[in-house]
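Here is how the chains run, residue by residue.
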Amino acid sequence: AHRERSEAQALDAAALSVAALAVVLALGDLRYAAAVAAIWGVAAGGRALWRKSRRVEFAVVAASSELVGWWFSLAAGEVTITEAYTLPAAAVALVGGWLALRARPETSSWLAYGPGLAAALLPSLASVLVEDGQAIRRLLVGSGALAAVLAGAVWRRQAPVVLGGVTLVVVAAAELVRVWDLLPRWIFLAAGGFVLIGLAMTYERRRRDLVRLRTSVGRMT
């Protein structure tokens, strides 16, 4: 049994090496490289269904191959939309994290969901901070961050709450900067004054709420 397992692993390694070499040789035409990656993803997926062991490994290889094939197809079509590249990668990472949590519930949400959420939020956030306009992208980034916070709060996962909350704060601050020159200065001064008065009147209650919030987030996994 040990010999058969070793032989199977050697064959799998050889097949993976051949597939990687085929992709490298096809890089001169990204469409061919995409086709090779997609075909290998299908083959690895079939192996994951057929084998009784190492299914997770083959599923990861299949998903990664299909993702690389998708990227090659986008590059061949000269697609420049950031989310076309990042969101599929984020989806793969989030599904993998969800499967990891199902198998090992003690896994930290930062390990399970952190990479996927970072891939989904951070590149788009950087884009809206660097480039002007992009109203739809700003709206989608804020909506996605809010959805992450709500999902994390419902399922008591720390990573979505923190990453989504930080993204929301940054987006809100960026929006405030954009409207700074569009409104009279007294509006901001008046709003800031009202906020300070409200905080002063409810300081003790806000402080207790902040402590409870910090405690609740700290208890999340």
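Please read these numbers as outputs of a predicted model, since none were measured by experiment. Throughout, residues of each chain are indexed from 1 in the direction in which the sequence is written. Side-chain atom pairs in this predicted model are given and counted only at pLDDT of 80 or more, local residue features only at pLDDT of at least 70, and totals for whole chains, interfaces and linings cover all residues. Each side-chain value is derived from all of the structure's non-hydrogen atoms; neither hydrogens nor water enter the calculation.

### Here's the deal with the side chain of S65
For step 1, the next point in the chain: Only DSSP runs of H or I covering at least 4 residues are called helices, and only runs of E covering at least 2 are called strands; the numbering of each starts at the N terminus. Its location among the elements puts S65 in helix α3 (residues 55–76).
For step 2, the next point in the chain: The cut-offs for exposure are 20% and 50% of the maximum accessible area for each residue type, with area from a 1.4 Å probe on protein chains only; residues under the lower value are buried, those over the upper are exposed, and the others partly exposed. With a relative accessible area of 10%, S65 lands in the buried category.
For step 3, the next point in the chain: The criterion used for residue contact is that any of the two residues' heavy atoms lie within 4.5 Å. Not counting residues within four places of it along the chain, the set of residues in contact with S65 comprises A37, A38, W40 and G41.

### A few points about the nonpolar core
For step 1, the next point in the chain: Listed in full, the 5 residues of the largest apolar core are L101, A112, Y113, L117 and A148.
For step 2, the next point in the chain: The greatest single-element share of this core, amounting to 3 residues, is contributed by helix α5 (residues 109–130).
For step 3, the next point in the chain: Beyond its immediate stretch of four places on either side in the chain, A148 contacts L117, P160, V161 and G164. In plain words, nonpolar cores are sets of buried Ala, Val, Leu, Ile, Met, Phe, Trp, Tyr and Cys residues tied together by side-chain atoms within 4.5 Å.

### Overview of a nonpolar patch on the surface
For step 1, the next point in the chain: Exposure above 30% relative accessible area and the lack of any salt bridge qualify a residue for a patch; like charges then connect within 9 Å, and the nonpolar side chains Val, Leu, Ile, Met, Phe, Trp and Tyr within 5 Å. Method for areas: the Shrake-Rupley scheme with a 1.4 Å probe, in which residue coverage is limited to the protein chains shown. The term salt bridge refers to a side-chain nitrogen of Lys or Arg lying within 4 Å of a carboxyl oxygen of Asp or Glu. A cluster of nonpolar residues, V95, W98 and L99, forms a patch on the protein surface that exposes about 290 Å² of accessible area.
For step 2, the next point in the chain: Tracing the chain through its elements places V95 in helix α4 (residues 82–103).

### Section: the packing of helix α6 (residues 135–155) against helix α7 (residues 158–179)
For step 1, the next point in the chain: Close contact between α6 and α7 brings their axes to 8 Å; oriented N to C, the two are set at 150°. One element, α6, and the other, α7, form an angle in the roughly antiparallel class. The handedness of the crossing between α6 and α7 comes out as left-handed. Seen from α6, the contacting residues are R138, V141, G142, A145, L146, A148, V149, G152 and A153; seen from α7, they are P160, V161, G164, G165, T167, L168, V171, E175 and R178.
For step 2, the next point in the chain: Within the contact of α6 with α7, the residues separate by chemical class into 10 nonpolar, 5 polar and 3 charged. Geometry is summarised by axes, namely lines fitted to C-alpha atoms with helices restricted to the contacting stretch, and by angles between N-to-C directions that run from 0 to 180 degrees. Just so you know how the angles are binned, under 35 degrees is roughly parallel, over 145 roughly antiparallel, 65 to 115 roughly perpendicular, and the rest oblique. In a left-handed crossing the near helix is turned counterclockwise from the far helix by less than a right angle, and in a right-handed crossing that turn is clockwise. In this count, Pro and Cys sit with the nonpolar residues alongside Ala, Val, Leu, Ile, Met, Phe, Trp and Tyr, while Asp, Glu, Lys and Arg are called charged and the others, Gly among them, polar.

### Let's talk about the environment of R137
For step 1, the next point in the chain: Secondary-structure assignment places R137 in helix α6.
For step 2, the next point in the chain: For R137, a relative accessible area of 18% corresponds to the buried category.
For step 3, the next point in the chain: R137 sits 54 residues away from E83 along the chain, and the two C-alpha atoms are 9.6 Å apart.
For step 4, the next point in the chain: Once residues lying within four places of it in the same chain are set aside, the contact partners of R137 are I81, T82, E83, S124, S127 and V128.
For step 5, the next point in the chain: For the purposes of these results, a polar contact is taken to be a pair of N or O atoms within 3.5 Å, where, inside protein, one atom must be able to donate a hydrogen and its partner to accept one; residues adjacent in sequence count only when each atom of the pair is a side-chain atom. Reaching out from R137, the side chain makes a polar contact with the side chain of Q134 at a distance of 2.4 Å.

### Brief notes about unusual backbone geometry
For step 1, the next point in the chain: In the Ramachandran plot, E78 falls in the positive-phi region, its phi being about 55° despite a non-glycine side chain.
For step 2, the next point in the chain: Structurally, the position occupied by E78 is in the loop between α3 and α4.

Interpretation note: all reported values are geometric properties and have no functional meaning in isolation.
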